[in-house]
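The residues making up each chain are set out below.
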Amino acid sequence: MAPLPAPTAASASAFLFLSPPWRRSHLKPKPRATATILCSSATRDSVSGSSTPSLAEQLEPLSRTLLHDKPTPTPADDRPTPEPTWVNPSRPKPTVLSLRRHRRRSPSSHPSSAPLQPLLRAIRALPEDANLASTLDTFFPAGSPPSPSDALLLLNYLHPSWRKSLSLLRWLRALPDGAFPLDTIFFNVALKSLRAARQWPHAERLALDMLDAGVPLDNITYSTLITAARRCRQFTKAVEWFERMYASDGVLPDEVTYSAVLDVYAQLGMKEEVLALFDRARGSGWKPDHVAFAVLAKMFGEAGDYEGIQFVFKEMREVGVKPNIFVYNALLEALGRTGKPGLARNLFEEMTAEGVEPNARTLTALAKIYGRARWGRDALQLWEQMREKKLPADNILCNTLLSMCADVGLVAEAEQLFNEMKDSECRDVPKPDKWSYTAMINIYGSNGDADSALQLFAEMLEGGIEPNIMSYTIVIQCLGKAQRIQQAVEVLEAGLGRGLKPDDRLCGCLLSVVALSSEEEMEMVLASMEKVNKNLVKLIRMLGNAQVGVDDLKEELKGVLNAAAPEVRRPYCNCLIDICQNHGFPPQRAREVFHLAQTYGLYSKLHSRKDEEWSLDLRSLSVGAAKTAFDDWMTTVSERLVQQKALPESFSVYTGSSTHKFAQGLASAFAAHLEQMSVPFHPSESHVGSFISSRDDLVSWLQMNSSSVVVAG
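Residues numbered from 1 in each chain as written. Predicted model: local features only at pLDDT ≥ 70, side-chain atom pairs only at ≥ 80, totals over all residues. Heavy atoms only, no water.

(A) Structural view of the packing of helix α6 (residues 148–157) against helix α8 (residues 184–196). At a minimum axis distance of 9 Å, the contact between α6 and α8 shows a crossing angle of 10 degrees. Judged by the angle between their axes, α6 and α8 are roughly parallel. Here Pro148, Ala151, Leu152, Leu155 and Asn156 of α6 lie close against α8, whose contacting residues are Ile185, Phe186 and Val189. Class assignment for the residues of the contact of α6 with α8 results in seven nonpolar, one polar and no charged. (Axes fitted to C-alpha atoms, helices over the stretch in contact; angles between N-to-C directions. Helix = DSSP H or I, 4+ residues; strand = E, 2+ residues; numbered from the N terminus. Parallel < 35°, antiparallel > 145°, perpendicular 65-115°, else oblique. Contact = heavy atoms within 4.5 Å. Nonpolar A, V, L, I, M, F, W, Y, C, P; charged D, E, K, R; others polar.)

(B) Highlighting the pairing of strand β2 (residues 613–617). A large share of β2 lies buried, amounting to four of its five residues. Here three bridges tie strand β1 (residues 607–609) to β2, and the two strands are oriented antiparallel to one another. Counted as the bridge partner of Arg609 is Trp614 from β2. Linking β1 back to β2 in an antiparallel pair, the connection comprises three residues. Sheet topology places β2 next to strand β3 (residues 650–654); five bridges connect them, and they run parallel. Bridge assignment links Trp614 to a residue of β3, and that residue is Phe651. (Buried < 20%, exposed > 50% of the residue type's maximum accessible area, 1.4 Å probe, protein only. Pairing = 2+ DSSP bridges.)

(C) Just helix α32 (residues 623–642), in detail. For α32, which comprises 20 residues, the first-to-last C-alpha distance of 29 Å matches the rise-based estimate of 28 Å (1.5 Å per residue) to within 8%. Summarising burial for α32: 14 of the 20 residues are buried, a large majority. Gln644 lies just past α32 and shows a positive phi near 60 degrees. (Expected span 1.5 Å × (residues − 1).)

(D) Focus on the packing of helix α23 (residues 450–462) against helix α24 (residues 469–481). The contact between α23 and α24 brings their axes to 9 Å, and the two run at 150 degrees. Between α23 and α24, the interaxial angle falls into the category roughly antiparallel. Classified by chirality, the crossing of α24 by α23 is left-handed. Side by side, α23 and α24 meet where Ala450, Ala453, Leu454, Phe457 and Met460 of the first sit next to Ser471, Tyr472, Val475, Cys478 and Leu479 of the second. In the contact of α23 with α24, the residues fall into nine nonpolar, one polar and no charged. (Left-handed = near helix turned anticlockwise from the far one by under 90°.)

(E) Molecular detail of the sheet that holds strand β5 (residues 690–694). If you trace the five strands from one edge of the open sheet to the other, you get β1-β2-β3-β5-β4, paired in mixed fashion. Since the sheet does not close on itself, it has two edges, and those belong to β1 and β4 (682–683), each with one partner. Bridge count between β4 and β5: two bridges; the pairing is antiparallel. Across the sheet, the residue bridging to His682 is Ile692, located in β5. Contacting β3 and β5, helix α34 (residues 695–704) crosses the sheet at an angle of about 80 degrees to β5.

(F) The arrangement of the UniProt feature "repeat: PPR" (unreviewed entry) in the chain in detail. Listed under "repeat: PPR" (unreviewed entry) in the UniProt record, and renumbered for this structure, are residues 218–253, 254–288, 289–323, 324–358, 359–393, 394–428, 433–467 and 468–502. Along residues 289–323, the helical share is 77% and the strand share 0%, with 10 Å between the first and last C-alpha atoms. Secondary structure content for residues 433–467 is 74% helix and 0% strand, while the C-alpha to C-alpha distance between its ends is 10 Å. (UniProt positions renumbered as here; feature names shortened; annotations may be inferred.)

(G) Representation of the nonpolar core. Ranked by internal contacts, the top residues of the largest apolar core, which has 213 residues, are Phe630 and Phe681. In terms of domain composition, this core takes at least three residues from each of domain 1 (127–286) and domain 2 (607–710). Sequence-distant contacts of Phe681, that is, excluding residues within four places in its chain, are made with Phe630, Trp633, Met634, Phe651, Ser652, Val653, Leu674, Phe691, Ile692, Ser693 and Leu698. (Core = buried A, V, L, I, M, F, W, Y, C linked by side-chain atoms within 4.5 Å. Domains from an automatic or database assignment.)

Dropping the structure here:
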């Protein structure tokens, strides 16, 4: 069979046109927003003599409305860079699948190794970085090199020690007059030792030495190199050696190599190359293994591509491969990411019916799916099934179960599991770690039980378990909601004294505490915030100063937002608007912050206008920001009414209706605001969490309250 050519950009492009329509849809690039910019020179017009603005001058207004994609670095004495400790405890980070090979007998116990036992004992006694030359010279005098089988036994014995493996290989290569001609197999054994130790630089250097010495690289060599690069997360190097495998030597990949390269492409986000290689390999007669299908399932799951997951099921049926535990886990996680809890439950039932025993990762994936879907009944059934069958449990699974209990409101069940983890006599579950305590604190915090959260936090400290930044944030937020502002400040000060490095989320939590505090308490919180983020405190004081102009405010707000991570910028603005409203700042401040946030694109998807209906989506806003957005919307409608412009037949407002047991939804607060203003919006009978009004009712109210609406604007 002729070797397959290496995948190139051209072959990937051709693949787009040869693929079925459903697959081409996955490969289309995402549309990007475009802007038209007039480019012209700054020279004077020869006819009119007028000056045309330069390109920089044309772009300058646009630049004032843009924020940086990443946070602006801050000096170390201003705001310390936090350690990357904000990690979801229920999200493990292993690769899709670790290759499992047959267990081999230890080389030292091999029958033919008996004459080598004295040498093996001598090598074992040497330090890890010792040079084996003198020891080997003593055992194999000049003119009596080891036999190939003895050399292979020694290399296999030294597999756990990559330094000694390389030392032995160097000694064999240095024997005089070619007394020991090295074949490819000896290099392959040494490469496997380097792969096991994740020593990619040494592995690549050894492969290049093989090329320089004229030793041919076979399929096992390339497979070992590619899988070693994959294990060391040197994905680009893995692709380079895979392409060399095709182009230079014409070596055909085996099943392990195909699966490894598919995973490498998926890790690099090269979806087109994954599908192209899969089709080309299938066309060459390759039968995909469980590893390949697990890679495809993971890739489609991360992309939220349900059609792709269906393709994996279809291919497995055609090939006749029954899923093993690893494929089932990948498929379950993929269905969870695509929001298909019902299909995930059916797949789990099929898995158990086929006799495949679930492991901790299976149950972790299922618990996360049920938690996201708020399936309390199914979550309880999974809980009972685990307890009856005594299924395996690790810290990741137990922490995920605790998080699931928080999602569906199972406080008693969470307490039972947590107490079992703390029970020294209970051996079925692991001991609680800092993530277990954090998950339990989150449950109490979500339930508004500040006393239990604070007690568990203190127990965590007394037990010698250092809280992470997530624990501090949850406790401070819980105390703030309970109006226990002084205790929240004390927890923050204690954390700073223990070396806590605040991050953007903790700063957002402190902003919410400021919004909930009284005037006296606000000064106390701001004094502590000075140690965390001076610029935020400066911005708050500027908002409260009526003498500060909107231009100065705009520059300061832009600096604060640029210094923060993109995912916290809108929450920052929500809290700042709440502070303006709750602390009696100048009346226009809340609206100014709202408009500036709109300028920076943070509130870009609130409004929807159709010919027959206008809608306002408030689901991502705080209570104060939602009131400000609604008042601003009413001002816009009033202005159109004055200008005698057309208005739609109906108006609707979406506040959402969370299914979380502990959620304090926006709907009730917004309904009270509507009642206070006597606005003719009423709850929708067909959509929970929505308020609707007709054009006639709203116009009548606007005409009666035009002066108050103008003042609010």
